[in-house]
Amino acid sequence: MKINNKTYRSIWMENGIIKTIDQLKLPWSFEIAELTNREQVASAIKTMLIRGALTIGAAGSYGLAQFCLSLTAADLDAIAETRELLGTTRPTAYDLIHGLDFVFNAIKGETNLDILKQKATAAAEEYASRSIESCRLIGEYGNKLIKNDSHILTHCNAGAIATIDYGTALAPIRIAHKDEKLVFVFVDETRPRLQGSRLTAWEHREESISFAIIADNASGFYMQHGEIDIVITGADRIARNGDTANKIGTYEKAVLAKENNVPFYIAAPRSTFDSACESGTDIPIEERDEAEVLELNGVRIAPLGAAARNPSFDVTPSRYITGIITEKGVIEPSRDAISSYLDSFKS
Ligand code: MRU
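The model shown is predicted, which means the values in this text are computed figures rather than measured ones. (Residues numbered from 1 in each chain as written. Predicted model: local features only at pLDDT ≥ 70, side-chain atom pairs only at ≥ 80, totals over all residues. Heavy atoms only, no water.)

### Digging into the pairing of strand β8 (residues 210–214)
The line we're drawing: Should DSSP find at least two bridges between two strands, the strands are taken to pair. Strands here are runs of E lasting at least two residues and helices are runs of H or I lasting at least four, both read from the DSSP assignment and numbered beginning at the N terminus.
Two strands pair when backbone bridges link them, and strand β7 (residues 183–188) and β8 are joined in this way by five bridges, in the parallel orientation. When the bridges of β8 are listed, F186 appears paired with A212.

### A few points about the packing of aromatic side chains
Here the distance between the centres and the angle between the planes together describe a pair of aromatic rings. For the record, the criterion: Each pair of aromatic rings taken from Phe, Tyr and Trp, with Trp reduced to its six-membered ring, is defined by centres within 6.5 Å and is described as stacked if the planes are under 30 degrees apart, edge-to-face if over 60, and tilted in the remaining cases. Partly exposed describes any residue whose relative accessible area lies between the buried limit of under 20% and the exposed limit of over 50%, with all areas from a 1.4 Å probe on protein chains only and scaled to the type maximum. Definition used: whenever NZ (Lys) or CZ (Arg) falls within 6 Å of the ring centre and also within 35 degrees of the ring normal, the charge is taken to sit over that ring.
Inspection of the entire model under this criterion finds 10 aromatic pairs. Each ring, one from Y8 and one from W12, has its centre 6.3 Å from the other, and the planes form 55°; the classification is tilted. The burial state of Y8 is the same as that of W12; both residues are buried. Note on F184 and F186: the rings are 5.3 Å apart at their centroids and 80° apart in plane angle, and the pair reads as edge-to-face. We classify F184 as partly exposed; its relative accessible area is 22%. Here R83 stacks its cationic end above the ring of F104, 3.9 Å away from the centre of that ring.

### Side note on the side chain of N246
Condition: Polar contact is the term for a pair of N or O atoms within 3.5 Å; when the atoms are in protein, one must be able to donate a hydrogen and the other to accept it, and sequence-neighboring residues count only if both atoms are side-chain atoms. Contacts between residues were defined by any pair of non-hydrogen atoms, one from each residue, lying within 4.5 Å.
Tracing the backbone shows N246 in strand β11 (residues 244–247). Residue N246 is classed as buried on the basis of its relative accessible area, which comes to 5%. Separated by 3.4 Å, the side chain of N246 and the backbone oxygen of G234 make a polar contact. Every residue in contact with N246, bar those within four places of it in the chain, is listed here: T233, G234, A235, D236, F313 and D314.

### A few points about the packing of helix α4 (residues 94–107) against helix α5 (residues 113–143)
Using the following cut-off: The axes are straight lines fitted to the C-alpha atoms, using for helices just the contacting stretch, and the angles between their N-to-C directions are given from 0 to 180°. Crossing handedness is read from the near helix: turned anticlockwise from the far helix by less than a right angle, it gives a left-handed crossing, and turned clockwise, a right-handed one. Gly falls in the polar group here, along with every residue not listed as nonpolar (Ala, Val, Leu, Ile, Met, Phe, Trp, Tyr, Cys, Pro) or charged (Asp, Glu, Lys, Arg).
As a packed pair, α4 and α5 sit with axes 8 Å apart at the nearest point and diverge in direction by 145°. Of the two possible hands of crossing, α4 and α5 adopt the one that is right-handed. In this structure, α4 contributes D95, H98, G99, F102, V103, A106 and I107 to the contact, and α5 contributes L116, K119, A120, A123, A124, E126, Y127 and R130. Broken down by class, the residue content of the contact of α4 with α5 amounts to nine nonpolar, two polar and four charged.

Following this line, the structure appears as structure tokens:
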């Protein structure tokens, strides 16, 4: 992605230091945070300084590689402990497990410290490159679904900063815009953390893509009035039957889309599919602090003594999903189509 005419990834590692766009500071200021150890990486994921499923996945792989670089002996127990520490920071995003496993499997059984360090770093870099290429391809395939002069609804932020580059849901929009198609994006504000109004709006402004922020409860109105042609969101975990966990509120959009005959697409690569989950009921849903609902940027917006509930994700049953835009094309959200898709990676 280009920011102030400079090309950035959302996260990278330089001389053992993890550098990442500080997503807590956006859109007010653009700052690069530097993380030097596993505790800082874990805390950055928990506080959402690093967020978005694919960026979290890369933080896991770089975090494990960084820990390996700090070792003075090939201590596989300490590496397993770090994998556990980082892997439990955000429970819903499956990419985190995928990223950690990618590095862990590359170094498993390695007893030579220098080789272990080389292998861990190379695996983390390969993970990032593959992830970027998957998003680019999602963009190409998804672009084919976007007609000229389309009005698109998206929820949360599944853009370049939620991935290492390009985005998942926002990649097709970026490419359609580059192809000089007219696109207009309805950006859900996405309470309580405002990933839509803070981050998606910021990304679209940087790319000069036309958009309007809407309140989370306004999309039904626009669908009913024929103003939304297609919905595209990202995903945090997809089960074998196509049920999909994504940011809280996604389920409502999908039900409204079906009611109003608007196609509803999920955009996600292989790293978001969890073959251990048979259906959405197997997907763990993160419940975050009630303060995120009771406060807005530290300012209390509810009476003292009020309680809140704060599930961070919901599951959209596959029957509401028109298709899943992957790096291998658009697939049906069905058990058979997903099995063939997953099998195509084995060889
Ligand atoms: O809690 P967040 O901001 O990490 O949640 C992000 C989302 O729900 C995105 O839609 C999802 O991670 C897809 S991003 C590639």
